[in-house]
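As a plain string of letters, each chain reads:
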Amino acid sequence: MPPKLQKQPTNVVEIDSSDDEDRIAVVAASNKSSSSNPSSKSLPQPQQSLSAMEIGHTSPAPDSQGLEYRSFWKAGGYEVGPVNRMANAQGELEHARVHPKFLHSNATSHKWAFGAIAELMDNAVDEIHNGATFLKVDKFNIMKDNSPALVFQDDGGGMGPDSLRKCMSLGYSSKKSNTTIGQYGNGFKTSTMRLGADALVFSRTSHASKATQSVGLLSYTFLRKTGQDDVIVPMIDFDISGHWVEPIIYSSQDDWSSNLKTILEWSPFTSKDELMQQFEDIGPHGTKIVIYNLWLNDEGIYELSFDDDDEDIRLRDEANHGEKRKVHKKVVELQSHISYRCRYSLRAYASILYLRKFTNFSIILRGKPVQQFNIADDLKYSKKVSYRPQLRMALQEVTVDTTIGFIKEAPELAVCGFNVYHKNRLIRPFWKVTSEGASKGNGVVGVLEANFIEPAHDKQDFERSPLFIRLEAKLKQIQMEYWHNHCHLVGHQSPADRAMLFQQKSAAKSQTQLPINQCDTGLPIDGQEEMHLDQQNGDLLAGVAHISNWQPGGSGQSNFARPHAEVISENNMPVDQICEENIQLFMRCEDLRQKETEKKQMIAELEKELEQAKRKCAQLSAHLETKRKQKTAAHQT
């Protein structure tokens, strides 16, 4: 049966959310515009792809290096020779081109390979409202060169030819809903190129009475080895509405055949039949993404490990390669906690990636469903704390509820931080808002959803906006208040107990140092200077360090046997009041020391700026003096 001839898809077709911003690669460049309508020539038409001449088969590039640099962080450095381009047709407007190097530099926004995988997972999750029920992430063995590939497959709405080509545009996104995760129109391009050099997309969809299937190739290897200076994406489409699979031809049969030839040459599949077999498990609608030529690390092995666990995908650099060495028991316990495992285990990371558990959707990693886990459900002595951020342009008041508590392993494991989500998606896992090395707050973990601040483009952090800074300060306050009020529940001493013990020891020490006739007077010994505030704070810190290992029921409990009412200071002040004043003085002292350090830094910066200003002033004075002398000499002559 002859292939169908159809008009090129236009840019005015409304796109449903199945043509996710992040489904496919970059613009099918150098598209031919229609010569009949001048207004349409300013926009490149999203045609199927380019002919063999435009792709560059007739004049291969002088890039003899190929893809020797298989490490992602080295793959961007290469030179492209000159490429002969045909002059623009009469009346056709010149347009900016996207160099293939941009594919690599754009992907460097992902510092973490799991962050790139999460972007592709988000695309499938956004397809839930289009009927998606699963996302499969698995390893695929390429027979052509016996290398591993990474496969993502969902049963969402899929993409038609129009949607597929619009999604190839950089920054294009049809996702405007508050429920969808994607919004920037760049995630697919950055994530696929961060994981591997090449990506092949299969998508099948059905609208009204028409069903189509499409194949698109985004190949950094193809662009680089053929020396292109523009991003070219070959694509082919089929009409599957009838009993036969018929190619959809937009311009000519030669162009369609050229696109198929390019895809077969640079993809893992060597024949058209083998290529079409990839649609067999997709069903009536859905999308499959095959990422191959996976990047290597600096040691020359794949970044992603498929061998350490048959049911998981791990980061190679942090995976245990079977080296038998003695590890401390505490280290083993820490490495078994979700806060550590999510750094190198994709199964662990995917289990906490989404805040709310799915009802009719599952993530299947290497054949086994991922069990979702919310650490807030596993906390001890948990409570909810509400926070109302100050939004300038908010039409309604926003309330953020934070669930905070101790992990079940506290106080043995020093794990703390907040899991901060945005639109159900984890952005910052176990974010430490306290200073590094601080013991206060250990074991305290919180979970919250912060939809009032915007995430960064890689969705691994938030933009450093004033709202984010205020949130960070608020979370630190919440953690410290919870710690002070609940730390005794897991075996730590509360600040009030530590201050009381310090007072008891100070009183006992002063009694032993005084003569017998002065023990009850409360007056200092002759010649003895009064204790300064800094010395008091030093003794307080020493007392805290001395009793830091106190446990309930231990030997130190006898120090707290006396009721508070019996412990009275020499001036008849209640012990609780003294403890509170000591804590306040200690905090003020710490604030003053911090301010002093900040002022010293500011003075140093101002002195540096002053020296620079003096040098510039001297240079300007010398310049003006030279000009004046030249002017005087010119006037005399």
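Please read these numbers as outputs of a predicted model, since none were measured by experiment. (Residues numbered from 1 in each chain as written. Predicted model: local features only at pLDDT ≥ 70, side-chain atom pairs only at ≥ 80, totals over all residues. Heavy atoms only, no water.)

Notes on the overall build of the protein chain
Working step 1: For the protein chain, the helix and strand inventory stands at 15 helices and 17 strands.
Working step 2: Here the protein chain holds 637 residues, and 46% of them are scored as buried.
Working step 3: When the accessible surface of the protein chain is split by element, carbon and sulfur atoms take 52% of a total near 34,100 Å². (Helix = DSSP H or I, 4+ residues; strand = E, 2+ residues; numbered from the N terminus. Buried < 20%, exposed > 50% of the residue type's maximum accessible area, 1.4 Å probe, protein only. Areas by Shrake-Rupley, 256 points an atom, 1.4 Å probe, with all protein chains shown as cover.)

Focus: the pattern of salt bridges
Working step 1: In the structure shown here, the tally under the stated rule is 14 salt bridges.
Working step 2: Residues Glu 472 and Arg 464 are paired through a salt bridge, measuring 3.7 Å at the closest nitrogen-oxygen approach. (Salt bridge = Lys/Arg side-chain N within 4 Å of Asp/Glu carboxyl O.)

Digging into the side chain of Thr 403
Working step 1: Here Thr 403 lies in strand 14 (residues 400-407).
Working step 2: Excluding residues within four positions of it along the chain, Thr 403 makes contact with Ala 376, Leu 379, Ser 382, Lys 383, Lys 384, Val 445, Gly 446 and Val 447. (Contact = heavy atoms within 4.5 Å.)

Topic: the packing of aromatic side chains
Working step 1: Under the defined criterion, the tally for this structure stands at 18 aromatic pairs.
Working step 2: Seen from their ring centres, Phe 202 and Phe 279 are 5.4 Å apart, and the 85° between their planes marks the pair as edge-to-face. Taken together, the residues span a long stretch of sequence, with Phe 202 in strand 4 (residues 196-207) and Phe 279 in the loop between helix 8 (272-276) and strand 8 (286-294) at a distance of 77 residues. Here Phe 202 matches Phe 279 in class, with each residue buried.
Working step 3: Aromatic side chains Phe 222 and Trp 266 sit 5.6 Å apart centroid to centroid with 55° between the ring planes, which places their arrangement in the tilted category. With a gap of 44 residues between them, Phe 222 in helix 6 (residues 220-225) and Trp 266 in helix 7 (residues 253-266) connect regions that are remote in the sequence. (Phe/Tyr/Trp six-rings, centres within 6.5 Å; stacked < 30°, edge-to-face > 60°.)

Let's talk about the sheet that holds strand 13 (residues 379-387)
Working step 1: Taking strand neighbours across the sheet as the criterion, the five strands line up as 13-14-17-15-16 in an open arrangement whose pairing is mixed. Across the chains shown, the open sheet's two edge strands, defined by having one partner strand only, are strand 13 and strand 16 (425-431). On average, each strand axis in the sheet is inclined to that of its neighbour by 15°, with strand direction left out of account.
Working step 2: Inspection of the sheet shows strand 15 (residues 417-422) paired to strand 17 (residues 444-449) by five bridges, in the parallel sense. Pairing of Val 420 across the sheet is with Leu 448, part of strand 17.
Working step 3: Seen against the sheet, helix 12 (residues 466-486) touches strand 13, strand 14, strand 15, strand 16 and strand 17 and runs at an angle of roughly 140° to strand 13. (Pairing = 2+ DSSP bridges. Axes fitted to C-alpha atoms, helices over the stretch in contact; angles between N-to-C directions.)

Regarding a nonpolar patch on the surface
Working step 1: On the surface, Val 327, Val 331 and Val 332 cluster together into a nonpolar patch covering about 210 Å² of accessible area.
Working step 2: Along the chain, Val 327 turns up in the loop between strand 10 (314-315) and helix 9 (329-335).
Working step 3: Judged by its relative accessible area of 42%, Val 327 falls in the partly exposed class. (Patch = residues over 30% accessible without salt bridge, like charges linked within 9 Å, V, L, I, M, F, W, Y side chains within 5 Å.)

Focus on helix 12
In an α-helix, one turn spans 3.6 residues; hence positions three or four apart end up facing the same way.
Working step 1: For helix 12, spanning 21 residues, the distance from its first C-alpha to its last is 30 Å, which sits close to the expected 30 Å at 1.5 Å a residue.
Working step 2: Where the residues of helix 12 are buried, they touch strand 13, strand 14, strand 15, strand 16 and strand 17. (Expected span 1.5 Å × (residues − 1).)

A look at the pairing of strand 17
Working step 1: Across the six residues that make up strand 17, a large majority, five, are buried.
Working step 2: As defined by bridge partners, strand 14 adjoins strand 17 across four bridges and the pair is classed as antiparallel. Its bridge partner being in strand 17, Ile 404 is matched across the sheet by Gly 446.

Notes on helix 5 (residues 187-195)
Working step 1: Taking burial as the measure, the nine residues of helix 5 include nine buried ones, the bulk of the element.
Working step 2: Of all the residues in helix 5, the buried ones are Gly 187, Phe 188, Lys 189, Thr 190, Ser 191, Thr 192, Met 193, Arg 194 and Leu 195.

Considering the pairing of strand 3 (residues 147-154)
Note on strand geometry: in a regular strand, side chains alternate between the two faces of the sheet.
Working step 1: Most of strand 3 is tucked away: eight of the eight residues are buried.
Working step 2: Burial along strand 3 is two-sided: the face carrying Ser 147, Ala 149, Val 151 and Gln 153 and the face carrying Pro 148, Leu 150, Phe 152 and Asp 154 are both buried.
Working step 3: As defined by bridge partners, strand 2 (residues 134-142) adjoins strand 3 across eight bridges and the pair is classed as antiparallel. Residue pairing across strands places Asp 138 opposite Val 151, the latter belonging to strand 3.
Working step 4: Between the end of strand 2 and the start of strand 3, which pair antiparallel, lie four residues, with Asn 146 showing a positive phi angle near 55°.
Working step 5: Note: strand 3 against strand 8, five bridges, orientation antiparallel. When the sheet's bridge partners are listed, Leu 150 is paired in strand 8 with Ile 291.

Topic: the confidence of the model for the protein chain
Working step 1: On average, residues of the protein chain carry a pLDDT of 77, and 69% of them reach 70 or more.
Working step 2: No element of the protein chain has a lower mean pLDDT than helix 1 (residues 52-55), at 35, and none a higher one than strand 11 (residues 362-365), at 98.
Working step 3: The model gives residues 9-66 a pLDDT under 50, and that stretch makes 185 contacts with residues more than four places away or in other chains.
Working step 4: Across residues 176-185, where pLDDT falls below 50, the model places 39 contacts with residues more than four positions away in sequence or in other chains. (pLDDT = per-residue confidence, 0-100.)

Things to note about the packing of helix 3 (residues 113-126) against helix 5
Working step 1: Packing of helix 3 against helix 5 brings their axes to within 8 Å, and their N-to-C directions diverge by 135°. In this view, helix 3 runs oblique relative to helix 5, as classed from their interaxial angle. At the point where helix 3 passes helix 5, the crossing takes the left-handed sense. Along its contact with helix 3, which presents Ala 113, Ala 116, Ile 117, Glu 119 and Leu 120, the element helix 5 presents Gly 187, Phe 188, Ser 191, Thr 192, Arg 194 and Leu 195.
Working step 2: Class assignment for the residues of the contact of helix 3 with helix 5 results in six nonpolar, three polar and two charged. (Parallel < 35°, antiparallel > 145°, perpendicular 65-115°, else oblique. Left-handed = near helix turned anticlockwise from the far one by under 90°. Nonpolar A, V, L, I, M, F, W, Y, C, P; charged D, E, K, R; others polar.)

Considerations on the packing of helix 2 (residues 100-107) against helix 5
Working step 1: In the contact formed by helix 2 and helix 5, the axes pass within 8 Å of each other and the chain directions differ by 90°. Here helix 2 is positioned roughly perpendicular relative to helix 5, judged by the angle of their axes. Only Lys 189, Thr 190, Met 193 and Arg 194 of helix 5 make contact with helix 2, whose side of the interface consists of Leu 103, Asn 106 and Ala 107.
Working step 2: Here the residues of the contact of helix 2 with helix 5 are counted per class, giving three nonpolar, two polar and two charged.

Digging into the nonpolar core
Working step 1: If you look at the biggest cluster of nonpolar residues, it comprises 118 residues, and the most contacted ones within it are Met 121, Leu 150, Phe 152, Leu 195, Leu 275 and Leu 304.
Working step 2: Element by element, the count of residues in this core is highest for helix 3, at nine residues.
Working step 3: Excluding residues within four positions of it along the chain, Leu 195 makes contact with Ala 113, Ala 116, Ile 117, Leu 120, Leu 150, Phe 152, Ile 291, Leu 294, Trp 295 and Leu 304. (Core = buried A, V, L, I, M, F, W, Y, C linked by side-chain atoms within 4.5 Å.)

Quick look at unusual backbone geometry
Working step 1: With an omega of 0°, the peptide bond between Ala 410 and Pro 411 qualifies as cis.
Working step 2: Note on placement: Pro 411 falls in the loop between strand 14 and strand 15.
Working step 3: The residue Lys 459 is not glycine, and still its phi comes out positive at about 55°.
Working step 4: Examined against the element boundaries, Lys 459 turns out to sit in the loop between strand 17 and helix 12.

A closer look at the environment of Leu 365
Working step 1: With respect to the helices and strands, Leu 365 occurs in strand 11.
Working step 2: Classification of Leu 365 by relative accessible area gives buried; the value is 2%.
Working step 3: In the structure, Leu 365 is positioned 228 residues away from Val 137 in sequence and 5.0 Å away in space, judged by C-alpha atoms.
Working step 4: In this structure, Leu 365 is in contact with Val 137, Glu 311, Asp 312, Ile 313, Leu 346, Arg 347 and Val 370, ignoring residues within four places of it in sequence.

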